[in-house]
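A closer look at the structure
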Amino acid sequence: MTLPKHPSAPPALSRLTGADEAALEDLFRRGTPDNTRRAYETDLSYIAAWKRLSFGGTLDWPEHQDVALRFVLDHSRDLGNVSANDPSRQVAEALIAFGLRRSLDCPAPATLDRRIATWRALHRMRDLSSPFDAPLIKQARAKARKAAARPPAPKSQNPVTRDVLKALLDATGPGLRGLRDRAILLLGWSSGGRRRSEIVSFNVEDVDLTELDARGIVWLRLIATKTTAKGKTPRLVLKGAAARAVVAWLDATDLKSGPLFRKITAQETLSQRRLTADAVAQILRRLIATAGLPEGFATPHGLRSGFLTQAALDGAPLQAAMRLSLHKSAAQAQKYYTDVDVADNPAADLFDRQ
């Protein structure tokens with residue numbers, strides 16, 4: 001990540017030497033989580049392409065308010081409903097052709113908010129005022145959110161409950177790829193429904209096998225999550241099939257350090273490159289198709305929702321499930337318990353259970 005340059009740096013930064021600027025850039029890089037940094041880079045690529053197509057120039061630091069307002073307006077309406085000669089539509093079509101935009105539909109308000117947040121953050125890194133703080137643009141953003149209000153889409157169409165997980169495991173196939181994919185699924189599900197970014201963040205050094213022989217337990221160290229600070233995340237535990245799947249993957253690859261889950265080439269050789277979060281989604285889509293499930297049946301978040309849904313179906317106390325899922329809010333985790341059909345609630349047949 002490179003800090004945006006500006007020809008006339010503000011007084012606070014004008015006395016920085018080249019070494020100071022390099023040290024500051026390094027500090028921002030080290031202090032920014034990898035996922036956030038990748039999101040910044042993706043958003044900045046989109047924003048820079050949009051400005052070049054819209055105004056014929058590069059980004060300015062600080063950016064002009066009219067550019068910021070145009071960005072809000074262009075991303076607050078369905079451009080498929082306007083004339084084919086509309087400049088904003090033509091820009092959007094070019095972005096689609098470059099693979100930077102999916103459609104002419106109005107982007108979700110959260111997408112607009114994230115891109116603006118990135119733009120503002122890059123201004124702050126140079127101690128510059130953001131044009132998005134102007135009252136007119138703040139009001140335009142507020143109106144855009146209301147105009148685009150829509151019911152929130154579920155993160156995963158279906159939860160990956162135990163029976164679905166078994167079907168996906170059966171679809172993994174032989175070889176290194178099958179061992180890796182089984183380990184990903186079982187670790188992600190059984191350790192509390194890990195997010196895909198968390199699954200790929202594990203290193204071999206984060207896997208503790210010291211109690212494997214005595215208790216059949218594998219301990220996992222997770223550096224940080226969305227709800228826990230770095231170094232404050234409690235250890236996670238794997239037992240049974242999940243523990244065996246991770247050990248089988250380690251035995252087959254003889255990995256001693258570095259990324260736990262890695263890319264596998266078409267020739268079935270193991271790469272040194274860490275698997276990306278997007279690759280987890282691709283793996284899941286492939287296994288869903290192989291298992292004969294409908295396209296789009298579930299997303300990686302289905303591992304998380306499926307774990308909690310299955311915990312509810314099995315009668316596990318909410319607090320016990322939350323100790324593994326690491327949900328910060330009981331209300332957030334409770335919704336998965338509430339979604340379980342009352343007829344399936346294990347408390348409905350307490351008298352008849354022996």
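Residues numbered from 1 in each chain as written. Predicted model: local features only at pLDDT ≥ 70, side-chain atom pairs only at ≥ 80, totals over all residues. Heavy atoms only, no water.

1. Looking at the pattern of salt bridges
Where we set the bar: Whenever a carboxyl oxygen of Asp or Glu lies within 4 Å of a side-chain nitrogen of Lys or Arg, that contact is scored as a salt bridge. When a residue's accessible area, from a 1.4 Å probe over protein chains only, is under 20% of the maximum for its type it is buried; when over 50% it is exposed; and in between it is partly exposed.
The final tally for this structure, using the stated rule, is 20 salt bridges. Here Asp86 makes a salt bridge to Arg77, at a shortest N to O gap of 3.7 Å. The salt bridge partner of Glu198 is Arg195, with a shortest N-O separation of 2.6 Å. Judged by relative accessible area, Arg195 falls into the buried class, the value being 18%. When salt bridges with common partners are traced through the structure, they connect Lys51, Asp60 and Glu63 into a single cluster.

2. So, the packing of aromatic side chains
Counted only if it meets this: Each Phe, Tyr or Trp ring, with Trp reduced to its six-membered ring, pairs with another whose centre is within 6.5 Å; inter-plane angles below 30 degrees give stacked pairs, above 60 give edge-to-face pairs, and intermediate values give tilted ones. Helix and strand definitions here come from DSSP, where helices need a minimum of 4 consecutive H or I residues and strands a minimum of 2 consecutive E residues; each element is numbered from the N-terminal end.
Taken as a whole and assessed by the stated rule, the structure comprises six aromatic pairs. Taking the centre distance of 5.8 Å and the plane angle of 65 degrees together, the rings of Trp50 and Phe55 count as edge-to-face. Here Trp50 falls in the buried class, since its relative accessible area comes to 1%. With a centroid separation of 5.2 Å and an interplanar angle of 55 degrees, the aromatic rings of Trp119 and Phe132 are classed as tilted. Of this pair, Trp119 sits in helix H6 (residues 109–124) while Phe132 is found in the loop between H6 and helix H7 (135–147), placing the two residues 13 residues apart along the sequence.

3. Focus on empty space enclosed by the protein
A probe matching the size of a water molecule, rolled over the atoms, marks out where space remains unfilled. Test applied: Note on definitions: the grid is 1 Å and covers protein atoms alone; a cavity is a set of points where a 1.4 Å probe fits but cannot get out; a pocket is an open set with protein on both sides within 12 Å along at least five of seven lines; lining residues have an atom within 4 Å of a point. Grid points are joined across faces, edges and corners, and a volume is the space filled by probe spheres set on the points. The nonpolar class holds Ala, Val, Leu, Ile, Met, Phe, Trp, Tyr, Cys and Pro. Asp, Glu, Lys and Arg form the charged class, and all remaining residues, Gly among them, are polar.
Counted by the stated rule, this structure contains two cavities of 30 Å³ or more. Its boundaries defined by the atoms lining it, the largest cavity holds a volume of some 80 Å³. His75, Ser76, Cys106, Pro107, Ala108, Pro109, Leu112, Asp113, Arg141, Ala144, Arg145 and Ala148 are the residues that line the largest cavity. Those elements that place two or more of their residues in the lining of the largest cavity are H6 and H7. Grouping the constituent residues of the lining of the largest cavity by class yields seven nonpolar, two polar and three charged. In this structure, the second largest cavity encloses a volume near 40 Å³. In terms of lining residues, the second largest cavity is bounded by Ile184, Leu185, Val280, Ile283, Leu284 and Leu303. Elements with a minimum of two residues in the lining of the second largest cavity: helix H9 (175–190) and helix H13 (277–290). Looking at the lining of the second largest cavity, its residues break down into six nonpolar, no polar and no charged.

4. Section: the confidence of the model for the protein
Detailed conclusions should not be drawn from predicted coordinates in areas where pLDDT is low. Applied cut-off: You can read pLDDT as the predictor saying how much it trusts each residue, on a scale of 0 to 100. Note on definitions: a residue-residue contact is assigned when non-hydrogen atoms from the two residues lie within 4.5 Å.
Averaged over the protein, the pLDDT score is 85; the fraction of residues at 70 or greater is 85%. For residues 5–13, every residue scores under 50 in pLDDT, and the model assigns this stretch 13 contacts once sequence neighbours within four places are set aside.

5. Brief notes about the nonpolar core
Stated precisely, the cut-off is as follows: Nonpolar core, defined: a set of buried Ala, Val, Leu, Ile, Met, Phe, Trp, Tyr and Cys residues in which side-chain atoms within 4.5 Å join the residues together.
Counting 55 residues, the largest nonpolar core has Leu187, Leu260 and Phe261 as its most contacted members. Leaving out residues up to four positions away in the same chain, Leu260 has contacts with Leu187, Phe202, Asn203, Val204, Val207, Trp249, Leu250 and Leu255. Counting 24 residues, the second-largest nonpolar core is a separate cluster that includes Val91, Leu95, Leu112 and Trp119.

6. A word on the side chain of Ser305
The line we're drawing: N or O atoms closer than or at 3.5 Å make up a polar contact, with two conditions inside protein: a donor-capable atom paired with an acceptor-capable one, and, for residues adjacent in sequence, both atoms drawn from side chains.
Secondary-structure assignment places Ser305 in helix H14 (residues 301–313). Here the side chain of Ser305 touches Gly302 through a polar contact of 3.4 Å, landing on its backbone oxygen.

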